[in-house]
Amino acid sequence: MTPMIKQSIYKAINKPKIIQYPSKTLHKVSQAIETIDDDVRALADFMAGLVVKEGAAGLAAIQVGVPLRMFIGYNENEKQVVMVNPVLHRVGDVKPPQVATDTQTGEPVGGGAGVGAWAPWADKAAVQALDNDRQVMVEGCLSLRGVTAPTARYPVVEVEWQDLTAATHRVILTSSLAAQCFQHELEHLDGKFFTDVV
């Protein structure tokens, strides 16, 4: 992690401020996190507390001035979690894969954590649109307070991220709230704003 990133983490935690649109900061593409260290965990704790305080659905690190690929979002159980280096794999009518299971334990054959370790399409990195059935959902953002807009989002997505222990999770988000939040926060990491896709 560069000294500039470390400084931005320190500043975010000690002088908390949610960056407001149209700041150029929100259009920066965030960097991948190479190592999940104490600085990253401290930033994640701070962000999680801010999400609770604000009553928000999610928050990307860039929104507090830190250009790292991390956000708070919802997992497949609609629980808010920290998502490090998130990736959107497939969108639309995503179906869970058929997998071989051990007849004695019922566990997936092939080992590893999450769907990505054993799914036949696990190494496909590109986003594949399986249909064009997006739903219009009303959306807002902590970086543009008081404004909501109808936004077309896929209600089901296949995603991957690391947690703060560096374990990889690859799941299908079937909750439209979780899917919407993931797409919204991922756009922040790519330097986009939800008003760009309205």
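Residues numbered from 1 in each chain as written. Predicted model: local features only at pLDDT ≥ 70, side-chain atom pairs only at ≥ 80, totals over all residues. Heavy atoms only, no water.

Asker: How would you sum up the nonpolar core? Please name residues and give values.
Answerer: Ranked by internal contacts, the top residues of the largest apolar core, which has 24 residues, are Ile-33, Leu-43, Met-47, Leu-59, Val-64, Val-66 and Met-70. Counting only elements with at least two residues in this core, the list comes to α1 (3–14), α2 (38–54), β2 (70–74) and β3 (80–91). No other element matches α2, which puts seven residues into this core. (Core = buried A, V, L, I, M, F, W, Y, C linked by side-chain atoms within 4.5 Å. Buried < 20%, exposed > 50% of the residue type's maximum accessible area, 1.4 Å probe, protein only. Helix = DSSP H or I, 4+ residues; strand = E, 2+ residues; numbered from the N terminus.)

Asker: How would you summarise the confidence of the model for the chain if you had to cite specific residues and measurements?
Answerer: On average, residues of the chain score 83 in pLDDT, and 78% of them reach the 70 mark or higher. Highest mean pLDDT in the chain belongs to strand β1 (residues 59–60) (98); lowest belongs to strand β4 (residues 128–129) (42). In the model, residues 108–131 has pLDDT below 50 throughout and makes 47 contacts with residues more than four positions away in sequence or in other chains. (pLDDT = per-residue confidence, 0-100. Contact = heavy atoms within 4.5 Å.)

Asker: Explain the pattern of salt bridges residue by residue, including any values.
Answerer: All told, the structure shown has nine salt bridges when counted by the stated rule. In this structure, the salt-bridge partner of Glu-160 is Arg-170, at a minimum N-O distance of 3.7 Å. Note that Glu-160 is positioned in strand β7 (residues 157–162) and Arg-170 in strand β8 (residues 168–173), a separation of ten residues in sequence. Judged by its relative accessible area of 23%, Glu-160 falls in the partly exposed class. (Salt bridge = Lys/Arg side-chain N within 4 Å of Asp/Glu carboxyl O.)

Asker: For the pairing of β3, give the residues involved together with the corresponding values.
Answerer: Extensive coverage of β3 is indicated by the burial of ten of its twelve residues. As judged from the five bridges shared by β2 and β3, these two strands associate in the antiparallel manner. In the strand pairing of β3, Tyr-74 is matched with Gln-80. What sits between the antiparallel neighbours β2 and β3 is a turn of five residues, in which Glu-78 has the positive phi angle 60 degrees. Taken together, the five bridges between β3 and β7 define a ladder with antiparallel strand orientation. Bridging from a neighbouring strand, Val-91 pairs with Val-157 of β7. (Pairing = 2+ DSSP bridges.)

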